[in-house]
Amino acid sequence: KIIYQTVYPFETDSKKGIKLIDKDCLSEQQKLYLYLLIASSLKSFRKLTSVITSEFEILSESVLKSYLPAHAKVLNFANNTVYKGNAKDKIKQLAQDINIDYDNDEIEQISNYNSKEEGLDIVAWIPFEDNNPNTIIILGQCACGKDWFGKQNETFRYENYLKYYRQPFTHSVFMPYDLKNTNGRFRFSKDITTNHIIFERRRIISLSNTSVFDKLNYSKQIVEKCLEYQE
């Protein structure tokens, strides 16, 4: 409550402990908080996992756009990507868009039948007017599962596929969990890989505008159904 203030959708009851506030009084930000709770509890929503995780990618894309300057390029590279073809084609198209080289020998090791993103969910870069490939490039992975500390390394595969120019890639991981701490640093910091920017629950909420929850069509319905069940 102290950390999230008005975004926190719960209140303390002397008899019932922590309880949800009146659902008719919930703001969009508070409903977003509830969605992040759901996204961090996928075992309780097994049949809806693909929908929840897919829309978490949409949310993560929006969060990264909010964090970076307006002229930054931020794209979804997973389920909601604009890139077409198999994984090989998508990676080559991405390299062309960023204006960097790629290692064809490494990419050709990927199966022609692999249409997945090979561990990359969100990609962003901040271009210069000169179109020089020496720029900040962020490779992001979305991790709703409890094994987030393992998934954060998946984007490092792209160190083999893509060739940065002078400036190394920055890796990031998006998670619906709250890595609360008491010393101003992340809890579980020993499990966070070097050269990672972490977008956890508090950062995601603080970087989300009031309309972003409307983009999560199915997840919004899931939250509303949970609120009806709560009655």
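A few points on the structure. No experiment lies behind these values; they were computed from the predicted model shown.

### Concerning the sheet that holds strand β5 (residues 122–126)
The strand order across the open sheet formed by 5 strands is β3-β5-β6-β8-β9, and the pairing between neighbours is mixed. The strands lining the two open edges of the sheet, one partner per strand, are β3 (73–76) and β9 (196–199). Adjacent strand axes in the sheet meet at a mean angle of 20 degrees when their direction is disregarded. Strand direction decides the pairing type here: strand β8 (residues 170–174) and β9, joined by 4 bridges, are parallel. Of the residues in β9, the one forming a bridge with His171 is His196. The strands touched by helix α2 (residues 49–67) within the sheet are β3, β5, β6 (136–142), β8 and β9, with β3 carrying the most contacts at an inclination of about 175 degrees. Along the sheet face, helix α3 (residues 87–98) touches β5 and β6 and points at about 20 degrees away from the line of β5.

### Let's talk about the packing of aromatic side chains
Summed over all chains, the structure comprises 9 aromatic pairs. A centroid spacing of 6.4 Å and a plane angle of 75 degrees characterise the contact between Phe10 and Tyr33, whose relative ring orientation is edge-to-face. Separated by 23 residues along the polypeptide, Phe10 in strand β1 (residues 10–13) and Tyr33 in helix α1 (residues 28–39) bring together distant segments of the chain. A relative accessible area of 17% places Phe10 in the buried class. Note on Tyr158 and Tyr161: the rings are 5.3 Å apart at their centroids and 85 degrees apart in plane angle, and the pair reads as edge-to-face. Placement of both Tyr158 and Tyr161 in helix α6 (residues 158–161) is noted, with a separation of 3 residues, approximately one turn of the helix.

### Regarding the nonpolar core
In terms of nonpolar packing, the biggest core is built from 41 residues, with Tyr35, Ile52, Phe56, Leu59, Leu64, Leu68 and Phe174 touching the most fellow members. Contributing elements (two or more residues each) for this core: α1, α2, β5, β6, α7 (201–206) and α8 (217–230). Here the element with the most residues in this core is α1; it accounts for 7 residues. Beyond its immediate stretch of four places on either side in the chain, Ile52 contacts Tyr35, Ile38, Ala39, Leu42, Phe45, Ser219 and Ile222.

How each quantity is defined
- Residues numbered from 1 in each chain as written.
- Predicted model: local features only at pLDDT ≥ 70, side-chain atom pairs only at ≥ 80, totals over all residues.
- Heavy atoms only, no water.
- Pairing = 2+ DSSP bridges.
- Helix = DSSP H or I, 4+ residues; strand = E, 2+ residues; numbered from the N terminus.
- Axes fitted to C-alpha atoms, helices over the stretch in contact; angles between N-to-C directions.
- Contact = heavy atoms within 4.5 Å.
- Phe/Tyr/Trp six-rings, centres within 6.5 Å; stacked < 30°, edge-to-face > 60°.
- Buried < 20%, exposed > 50% of the residue type's maximum accessible area, 1.4 Å probe, protein only.
- Core = buried A, V, L, I, M, F, W, Y, C linked by side-chain atoms within 4.5 Å.

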